[in-house]
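Below are the chains, spelled out letter by letter.
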Amino acid sequence: MMELRIGVIGTGGIGRDHIRRLTDVITGAKVTAVTDINKEIADKAAKQYHALSFPTGEDLIESPEVDAVLIASWDPTHAGYVLSCIQAGKYVLCEKPLATTARDCLKIMDAEMSYGKRLVQVGFMRRYDKDYRAMKEVIQSGRIGEPLLVHACHRNRTHITSHSNDMTVTNSGIHEIDILRWLLEEEYASAQVLTGKQNKNAAEGLQDPQILLLKTKNGVQIGIEVNMTSGYGYDIQCEIVGETGTVRLPDPSALLIRSEGKHTHQIFTEWSQRFVDAYDNELQQWVNDVKKATLSGPSAWDGYAACITADALIRSRNSGTSVPVTLQRRPEFYD
Ligand code: NAP
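In this report, the structure presented in the accompanying data block is examined. Since the model is a prediction, treat every value here as computed from it, not as a measurement.

## Here we look at the packing of aromatic side chains
Stage number 1. For the coordinates displayed, the defined rule picks out 4 aromatic pairs.
Stage number 2. Geometrically, the ring pair formed by Trp 271 and Tyr 279 is edge-to-face, given 6.3 Å between the ring centres and 65 degrees between the ring planes.
Stage number 3. By relative accessible area, which is 34% here, Trp 271 ends up partly exposed.
Stage number 4. Judged by relative accessible area, Tyr 279 falls into the buried class, the value being 5%.
Stage number 5. Ring plane angle 80 degrees and centroid distance 4.9 Å describe the contact between Phe 333 and Tyr 334, whose orientation is recorded as edge-to-face.
Stage number 6. Assessed through its relative accessible area of 5%, Tyr 334 is described here as buried.
Stage number 7. We note Lys 136 situated over the ring of Trp 182; from NZ or CZ to the ring centre the distance is 4.2 Å.
Stage number 8. The aromatic ring of Phe 275 is capped on one face by Arg 274, whose charged end is 4.3 Å from the ring centroid.

## A look at helix α5 (residues 102-115)
Stage number 1. With 14 residues, α5 should reach 20 Å at 1.5 Å per residue; the first-to-last C-alpha distance of 20 Å fits that figure.
Stage number 2. Of the surrounding secondary structure, the elements contacted by the buried residues of α5 are α4 (78-88), β6 (120-122) and α10 (300-319).

What counts, and where the lines are drawn
Residues numbered from 1 in each chain as written. Predicted model: local features only at pLDDT ≥ 70, side-chain atom pairs only at ≥ 80, totals over all residues. Heavy atoms only, no water. Phe/Tyr/Trp six-rings, centres within 6.5 Å; stacked < 30°, edge-to-face > 60°. Buried < 20%, exposed > 50% of the residue type's maximum accessible area, 1.4 Å probe, protein only. Lys NZ or Arg CZ within 6 Å of the ring centre and 35° of its normal. Helix = DSSP H or I, 4+ residues; strand = E, 2+ residues; numbered from the N terminus. Expected span 1.5 Å × (residues − 1). Contact = heavy atoms within 4.5 Å.

These figures come from the coordinates and say nothing about function on their own.
Next up, the structure:
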């Protein structure tokens, strides 16, 4: 296969960014088809990138002009499109979350196992960030001993008007849920959410910030601040405390400026600026893997584990207690 022909479902913020990336940055692929429920923006993207514009996601998935599919539409549409891709036998990269319910994640795993081969990858792109990768190498080398504690924080400058309490977990904290599972290489045992004094700049009724507490099966204690109204920037922090040392995610490299009596460096304000290289690496690896017919990125099992954990956190916020995180047995298919 010379160039992988990709169809993109959802031409909103990240969909358009991925189309640009696949066209201008990634080698070995081209976007041949797009669709969006908002036909106007799909047509605009199609015209700009010389792609076909399809009336529905299902039409795009079935098109012979499409070898593989990238889903970047609204969260509740993901599961249906992923299932259609499996039915069509096409590789699919689905932006996070894989589905909004654990039941739909299980349906996806069942469909993929029945198909007999991995077709689904979930867009947990932080696994492709060079600094998180370096952290994992340090943990695996044993230099800081066994991990004991994690302090993490996910701060957005501000939130979209439709942001809900649950989305703090399912849309933002989901990145920490995945990346910490990946760094520590173990599943969670229990989950709890703490809320306290609310930021008056958050929308009325939005519990912000929220503290997500997770405990892994080996007893690693994790505290994640998810703060949707930091007011100053998009700021991601992560520190692992081990038995003999610690390892911390660095701030993204930025120029240090000394002027007017101050020493400053920029803090990004948008998520789209913070992990640019990770998105590039993720898509390039996915294209390479699809061309070799072997996926290596986050699987439907990872999407399911994140979804179950998010569900437990939401139940805890509603009940005010710690709740167990109960996963089904991991099928060998996903080892
Ligand atoms: P967005 O700007 O709202 O774009 C989503 C697009 O999907 C909108 O144009 C929306 O149209 C369209 N859409 C809704 N229902 C559809 C359907 N049934 N079929 C086709 N298109 C449909 O949102 P976004 O920020 O790009 O986010 C899109 C997805 O990417 C979300 O699932 C989000 O969680 C994920 N995401 C991941 C990351 C990451 O770091 N990995 C970052 C950002 C976003 P309407 O606006 O008319 O509804």
